Amino acid sequence: MPELPEVETTRQGIRPHLEGSKISQVIIRNHSLRWPIDADLASILDGQTIHSIQRRAKYLLLHCDTGVLLIHLGMSGNLRILNTADNDEVGKHAHVDIIVDNGHTLRYTDPRRFGAILWTSEPLSEYKLLKDLGPEPFTDAFNADYLWQQCQTRRCSIKTLVMNGKIVVGAGNIYANEALFLSGIHPSTRANTLTLQQCNQLVRMIKTVLKQAIEAGGTTLKDFRKSDGQPGYFAQQLNVYGREGDDCPKCGSIIQHYKEAQRATFFCSQCQKLTSA
DNA sequence: AGTATCTCCTGCGTGC
DNA sequence: TGCACGCAGGAGATAC
């Protein structure tokens, strides 16, 4: 399941093959993603140059001549770089091919179709899906004071808060679990009861765990593959996520599992005490 | 404004 | 072996 590290890994993988290239053909086999793909997308993109590929939250942004192509991988989306000449077998869920003039094809595959491919020619700062997003986790804007301020007016659990893209982007379920474990904070702790010191620790751990995951090439649980088809290796570094019943790597207690706001939540009851309800 | 719930979809694991 | 079923999950939409 692609979270920020997986999206960033994908960006780094596809960028060298696409930046500066010109789109020569777009094949859309299935328009039905989370939102329907623009019926005119193929003709809009035809002949445009991909100038740069950036990332905002979990959106990949392909800056073209007259606008930006936004790609979200959803739950099961995946981008691969293929050699156009190879004529690779088109899988059941290979919904879109973007063929460029340097011999490469960008193929979007997404079994669950929770992802999105959207076109916009308006400034990104005004684009609906991006304008209300919180800071990127690696920027200085995401710091202890900021998080603590955000916590003050909210009674939701700290795990829910951290996963809220309006607070900070990129901390999905896996990494929220991991960062809370490394911070020694119980996932159900009410946000407005966190101390500044806890916020400081949590901010540092979110940055740390996301950075380590990017360095490992992302987390491959079921279906994530990097753009070259290889899995990421961060799953081997997970302390609590998916490890219900295992020994806590810090203290040896048993890792617990429950649902917090509909999401699978893992923690160590010794290392992550609930300080207040 | 903040929070909880619903929703999209397919593949996989489980139990019979 | 096969089927029915439940579940996972990012994040926008919707209802309080």
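You'll find the structure just up there.
Just so it is clear, the model here is predicted, and its values are computed rather than measured. (Residues numbered from 1 in each chain as written. Chains lettered and ligands numbered in written order. Predicted model: local features only at pLDDT ≥ 70, side-chain atom pairs only at ≥ 80, totals over all residues. Heavy atoms only, no water.)

We now examine the protein's contact with DNA strand B. Surrounding DNA strand B, one finds H93, P111, R112, R113, F114, T153, R154, R155 and C156. Backbone sugar and phosphate groups make up 63% of those atoms of DNA strand B lying within 4 Å of the protein. Between DNA strand B and R112 there is a distance of 3.3 Å, counted from a sugar or linking oxygen to a backbone nitrogen or oxygen. Contact between DNA strand B and R155: a phosphate oxygen at 2.5 Å from a main-chain N or O atom of the residue. By residue class, the composition of the surface near DNA strand B is 3 nonpolar, 2 polar and 4 charged. (Near = heavy atom within 4 Å. Polar contact = N/O pair within 3.5 Å; in protein donor to acceptor, adjacent residues only side chain to side chain. Nonpolar A, V, L, I, M, F, W, Y, C, P; charged D, E, K, R; others polar.)

Let us look at the sheet that holds strand 1 (residues 23–28). One open sheet accounts for 4 strands, arranged 1-6-7-5; its pairing is antiparallel. Edge strands, defined here as strands with exactly one partner in the open sheet, are strand 1 and strand 5 (78–83). Each neighbouring strand pair of the sheet contributes to a mean axis angle of 20°, computed without reference to strand direction. As paired elements, strand 5 and strand 7 (residues 104–109) share 6 bridges and run antiparallel to each other. Note that in strand 7 the partner of L79 across the bridge is Y108. Packed onto the sheet, helix 1 (residues 4–18) meets strand 5, strand 6 (94–100) and strand 7 and runs at close to 30° relative to strand 5. (Pairing = 2+ DSSP bridges. Helix = DSSP H or I, 4+ residues; strand = E, 2+ residues; numbered from the N terminus. Axes fitted to C-alpha atoms, helices over the stretch in contact; angles between N-to-C directions. Contact = heavy atoms within 4.5 Å.)

Moving on: the packing of helix 6 (residues 173–183) against helix 7 (residues 196–215). Running from amino to carboxyl end, helix 6 crosses helix 7 at an angle of 130°, the nearest separation of the two axes being 8 Å. Relative to helix 7, helix 6 is oriented oblique. Pair helix 6 / helix 7 crosses with right-handed handedness. Judged by residue contacts, Y175, E178, A179, L180, L182 and S183 of helix 6 engage Q201, L202, M205, I206, V209, L210 and A213 from helix 7. Across the contact of helix 6 with helix 7, the residue classes break down as 10 nonpolar, 2 polar and 1 charged. (Parallel < 35°, antiparallel > 145°, perpendicular 65-115°, else oblique. Left-handed = near helix turned anticlockwise from the far one by under 90°.)

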